[in-house]
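# Architecture at a glance
Below, each chain spelled out in residue letters.
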Amino acid sequence: MSALAIAVAMLGAESAATDIVGTEGIYPIDLPQRARAPCYKVNIVSGFDEKMLDGAGQYYRNRVTIDCLAETAEQTQAMRKAAMDALEDNKSAEIAGFSDVSTTFANFERTDFSDDRSTYRWTVDFFIRWKN
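The structure contained in this document is the topic of the report that follows. (Residues numbered from 1 in each chain as written. Predicted model: local features only at pLDDT ≥ 70, side-chain atom pairs only at ≥ 80, totals over all residues. Heavy atoms only, no water.)

## Details of the overall build of the protein chain
- Along its length, the protein chain carries three helices and six strands.
- When its helices and strands are written in sequence order, the protein chain yields α-α-β-β-β-α-β-β-β.
- What you see for the protein chain is a C-alpha radius of gyration of 15 Å, in line with the 14 Å of a compact globule of 132 residues.
- Expressed as lengths along the three principal axes of its C-alpha atoms, the size of the protein chain is roughly 55 × 25 × 25 Å.
- Long-range contacts, defined as pairs at least 24 residues apart, comprise 57% of the intrachain contacts of the protein chain with a sequence gap of at least 6.
- Of the side chains in the protein chain, 14 bear a positive and 20 a negative charge, and the two mean positions are spaced by 4 Å. (Helix = DSSP H or I, 4+ residues; strand = E, 2+ residues; numbered from the N terminus. Rg over C-alpha atoms; globule rule 2.2 N^0.38 Å. Contact = heavy atoms within 4.5 Å. Lys, Arg positive; Asp, Glu negative; His and termini not counted. Charge placed at Lys NZ, Arg CZ, Asp CG, Glu CD.)

## A short note on the nonpolar core
- Membership of the largest hydrophobic core comes to 30 residues, with the highest contact counts inside it found for I6, L11, Y40, V42, I66, L87 and I128.
- Listed by contribution, the elements that provide at least two residues to this core are α1 (2-13), α2 (15-21), β2 (39-52), β3 (55-70), α3 (73-87), β5 (98-113) and β6 (120-131). (Core = buried A, V, L, I, M, F, W, Y, C linked by side-chain atoms within 4.5 Å. Buried < 20%, exposed > 50% of the residue type's maximum accessible area, 1.4 Å probe, protein only.)

## What to know about unusual backbone geometry
- Note that the residue after A37, namely P38, is joined by a cis bond; omega there is 5 degrees.
- Topologically, P38 is positioned in the loop between β1 (26-28) and β2.
- Of note, the phi angle at N107 is positive, near 60 degrees, even though the residue is not glycine.
- In this structure, N107 sits in strand β5.
- Unlike most non-glycine residues, R117 shows phi in positive territory, near 60 degrees.
- With respect to the helices and strands, R117 occurs in the loop between β5 and β6.
- On the basis of relative accessible area, R117 is assigned to the partly exposed category, the value being 46%.

In structure tokens:
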């Protein structure tokens, strides 16, 4: 759950993101029934504990997906930019109670929309690494 806490904290600290979705529009794992676009949904795609020669390194790395959900394609584009500003290229930070946090763009993103064009989504992936 640490990568989720880190990603949510970083998005919540980015004023461009909270200007669009407010302080309550960032959700880990699932959208609640009351969720309305625009909002962010954050999920873990994969993760592992880095191994060192003497065993577990206690450095954890997760790939995290952030879905930017909005009513217009332009708004998803602004949300994607805010997510990139928040999570691209951070090094050795202290975030959400975790140390040595590094985040980087995972070079994978995709876009789509609902059949009725009422919701647009821009999904972007990041690697998050931290020391436990």
